[in-house]
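Structural description and commentary
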Amino acid sequence: DTALIVSCPSQCWAAMSRTALRGAWRGARSALGPSTPAWAVGRHCGVRAAAEELPWPLPARRGASSAASSSTATSETTFAILSILEEREAADAPERAPDTSSTTGRVMSSSGGLLRISVSGGVAVGGAVELPEGLGFVIRYDKHGALVALAAGKAPRNGDEVRLVGTLAAGKWPAAEGGRASFLSVPELLQTGEGRSVLSMPAMPAIPRRRPVTRRLPSGLAAAESLLPLGEGHRVAFVGPPTTGKTTAASMLIHSQAPDTAIVYAAQRPRARLEQQLGPGALENPNLRVIYSDPTTDPVGARYLLPLYAMQLASRLRAEHRHVLLILDDMVALSQAAAELGSPPLGAPHVAAAALDAAGNVADAEGVRALSVVTLLDFDPDDGDLHPTLRNLWRSMEQSLDVCFNFDLRLAADGMLPAIDVEQLLACGPAPVYQAALFKRLRGELLRSLMTDRDRRERMEVGGQLGLHKEPQDQEDLGSARVARALLAHTAARPLPELAIVLTAALVYHFPQYGRKPSRTAVGSFQDAIVALVRDGYPRLWETLLDCRSLTDAQAAETLQQLGGVLLQHRFDFQLTCPER
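Heads up: these notes are all about the structure in this document. (Residues numbered from 1 in each chain as written. Predicted model: local features only at pLDDT ≥ 70, side-chain atom pairs only at ≥ 80, totals over all residues. Heavy atoms only, no water.)

1. Examining helix α19 (residues 553-569)
In a regular helix each residue adds 1.5 Å, so 17 residues correspond to 24 Å; α19 covers 25 Å between its end C-alpha atoms and thus fits that length. Residues A556, T559, L560, L563, G564, V566 and L567 constitute the buried set of α19. Down the axis of α19, the smallest arc covering the buried residues is 160°, so these residues share one side. Facing away from the buried surface of α19 by more than 90 degrees, the exposed residues are A554, Q561 and Q569. In the core, the buried residues of α19 are packed alongside α14 (437-465), α16 (496-508), α17 (520-537) and α18 (539-546). (Helix = DSSP H or I, 4+ residues; strand = E, 2+ residues; numbered from the N terminus. Expected span 1.5 Å × (residues − 1). Buried < 20%, exposed > 50% of the residue type's maximum accessible area, 1.4 Å probe, protein only. Arc of directions from axis to C-beta. Contact = heavy atoms within 4.5 Å.)

Spelled out as structure tokens, the structure:
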């Protein structure tokens, strides 16, 4: 069927099932002769479909010719046809597991959360297995029996009787608990019965229904909001070694979302630790759903199912909310769980790629709905000794990413958390259309300042290798730039008015205490002090900053000039800006 559709990409087989498609093709080939080219056979089928009042041909994509002359148009049309066929087949024949009402078996062996069972009836991958004190699911089978992963409860003993009870379905979802965030572990989500299996990946939206990214996704991160702002529908990755602040950045992302955004956060941590990391502000958000798996108590099957349940929940919420944010923390844990299972039904690269491909803006009858996906990866992709499993995971995801933030362990060691490496953002291209005019101006100035600092450091490094004298002014400027970079790191999410003040201070101030690295506490105190200065001492300027997204370019330039003047008037009021005595 795929070869037929590719040979006739301008035709639409949407109104025909695959069986009818094969029959129509064979009939047209017999009537026209074996030497008839494929396009003529397709046209003949189109005439027959028109006579039967079937939709034919597929409506052309805007800006594309009906003949599908380009390879891009051909691939889009082919994908749309296949998507429609899959949707129609799913509607005509909903997914059903094999009849397992009388399927029983016995445990042959068990080890490490994996069970080998003998069965005497129908069995399918993803089928639920009821154990004496738990629940599992089939990950593969052969003529000798089935291999089952333990998902909840205790592992059975050899010889215990088990029963296949349908599909491990994705049907139970957390609800708001009295206006607070919902927490549910994977073992609590497990549900058996008929219906869509949790191992079935959500369908990628058809290309004709996709829409461009036009709305800003708040992040609360200074580096992101200034240099590479996120948009609703983006596919984002936070990549870096452990302890570099990726989870902190994800928490700031959660705190910055609008009240109408549905958030799904999946992590392999105990609930108490998650509540501590998210903070009281996030816990009061009724639109936050936290799906977690405790690696100290939950079996390997539960840890493997965690991102799959999160993806299913995000897919369902997308039909109810204008914007859904899915955060998977982190994909390395999924890779480890998949490795423990041996040969799982879906590998970690497959799941990661499917999660990213499901993101985007999609048009439906009620408007445009967005799904943003943020994945966290606990490794350095540039590490030459990276494990092959993790390298394959990264390769499967890299090409699908819209935005990637690299976290540097050296910056974390200096107390700059989240340790986002802004050097990787200097070649970030033009500003997106949804970035405010005020931040576009800040972005241009900040890029010039960062590039100047990079060139200075490289020149001084080369000069040091050649034994050249280092000018005191260069050393002082280098230390001042180090402090300015530190201002881009903060441990709590900040709204746009506060970020505008902090970024302007990083541009207009000179920090003379270059001999010492500023402590994390000193940087945080300075950020709070300059924000309080403008908010409390200059209320009219603060009101303008609160409405910064509606400012025109001329108004933004005037506002930044006023803000810079205010900060320079108080340049000696702070410890970081006072000259050493």
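There is more to say, and it comes next.
2. Notes on the nonpolar core
Note on soluble globular proteins: their nonpolar side chains tend to be buried together. F405, L438 and F439 are the most contacted members of the largest nonpolar core, which has 82 residues in total. No other element matches α16, which puts eight residues into this core. Sequence-distant contacts of F439, defined by excluding residues within four places in its chain, comprise E225, S226, L496, L499, A500, L503 and C548. In this structure, L190, I291, L317 and W394 belong to the second largest nonpolar core, which totals 65 residues. (Core = buried A, V, L, I, M, F, W, Y, C linked by side-chain atoms within 4.5 Å.)

3. Digging into the pairing of strand β12 (residues 288-292)
With five of five residues buried, β12 lies mostly within the body of the structure. With burial as the criterion, each face of β12 is covered, one bearing L288, V290 and Y292 and the other bearing R289 and I291. Two strands pair when backbone bridges link them, and strand β7 (residues 182-185) and β12 are joined in this way by four bridges, in the parallel orientation. Each bridged residue has a counterpart across the sheet, and for F183 the counterpart in β12 is V290. Relative to β12, strand β11 (residues 262-267) runs parallel, the two sharing five bridges. Counterpart to A266 in the pairing with β12 is I291. This β-α-β element, β11 to helix α8 (residues 271-283) to β12, shows right-handed connectivity. (Pairing = 2+ DSSP bridges. Right-handed = clockwise from strand over helix to strand, strands pointing away.)

4. Structural notes on the pattern of salt bridges
Once their charged atoms are close, side chains differing in charge can pair, the charge on each being opposite to the other. Scanning all chains against the criterion turns up 27 salt bridges. Residue D378 pairs with K246 through a salt bridge whose shortest N-O separation is 2.7 Å. With D378 in the loop between β15 (367-377) and α12 (388-398) and K246 in helix α7 (residues 246-255), this pair connects stretches of sequence that are 132 residues apart. The buried category is assigned to K246, whose relative accessible area is 4%. E423 is the salt-bridge partner of R457, the closest N and O atoms lying 2.2 Å from each other. Linking R457 in helix α14 with E423 in the loop between α13 (409-413) and α14, this pair joins segments that are 34 residues apart in sequence. For R457, a relative accessible area of 25% gives the class partly exposed. On the basis of relative accessible area, E423 is assigned to the partly exposed category, the value being 24%. A cluster of three or more residues bridged by salt bridges with shared partners is formed by E423, D453, R456, R457 and R485. (Salt bridge = Lys/Arg side-chain N within 4 Å of Asp/Glu carboxyl O.)

5. Some remarks on the pairing of strand β6 (residues 161-169)
Buried residues dominate β6, accounting for seven of its nine residues. Two elements, strand β1 (residues 104-111) and β6, share three bridges in a ladder whose sense is antiparallel. If you follow T104 over to β6, its bridge partner there is R163. When strand β3 (residues 127-131) meets β6, the two strands line up antiparallel, connected through three bridges. Within the sheet, the bridge partner assigned to E130 lies in β6 and is R163. One ladder, built from three bridges, connects β6 with strand β8 (residues 191-193); its direction is antiparallel. By the bridge assignment for β8, T167 is matched with G193.

6. Focus: the side chain of H234
Among the secondary structure elements, H234 is positioned in the loop between α6 (222-227) and β10 (235-239). According to the relative accessible area criterion, H234 is buried, its value standing at 12%. At 2.9 Å, the side chain of H234 forms a polar contact with the backbone nitrogen of G231. The contacts of H234, once residues within four sequence positions are left out, are V213, P229, A359, S372, V373, D402, V403 and Y434. (Polar contact = N/O pair within 3.5 Å; in protein donor to acceptor, adjacent residues only side chain to side chain.)

7. Quick word on the packing of helix α11 (residues 348-357) against α12
Two numbers describe a pair of packed helices, the interaxial angle and the distance between the axes. In contact at an axis separation of 9 Å, α11 and α12 are set at 20° when each is read in the N-to-C sense. For the element pair α11 / α12, the angle class is roughly parallel. Between α11 and α12 the crossing geometry is right-handed. Residues A348, P349, A352, A353 and L356 of α11 lie in contact with α12, whose contacting residues are N392, L393, S396 and M397. Partitioning the contact of α11 with α12 into residue classes produces seven nonpolar, two polar and no charged. (Axes fitted to C-alpha atoms, helices over the stretch in contact; angles between N-to-C directions. Parallel < 35°, antiparallel > 145°, perpendicular 65-115°, else oblique. Left-handed = near helix turned anticlockwise from the far one by under 90°. Nonpolar A, V, L, I, M, F, W, Y, C, P; charged D, E, K, R; others polar.)

8. Some thoughts on a nonpolar patch on the surface
Among the surface-exposed residues, V462, L466 and L468 lie close enough to one another that they form a single nonpolar patch of about 310 Å² accessible area. Relative to the elements of secondary structure, L468 occurs in the loop between α14 and α15 (472-486). Take L468: its relative accessible area is 54%, and that puts it in the exposed class. (Patch = residues over 30% accessible without salt bridge, like charges linked within 9 Å, V, L, I, M, F, W, Y side chains within 5 Å. Areas by Shrake-Rupley, 256 points an atom, 1.4 Å probe, with all protein chains shown as cover.)

9. Focus: unusual backbone geometry
The amide bond that connects D329 to the next residue, D330, takes the cis arrangement and shows omega of -10°. Within the secondary structure layout, D330 lies in the loop between β13 (323-329) and α10 (331-341). Backbone torsion omega between L417 and P418 reads -5°, so that peptide bond is classified as cis. Take P418: it is sitting in the loop between α13 and α14. The backbone phi angle of T243 is positive, close to 65°, even though this residue is not glycine. With respect to the secondary-structure elements, T243 resides in the loop between β10 and α7. Taking the relative accessible area as the measure of exposure, T243 reaches 65% and is therefore exposed.

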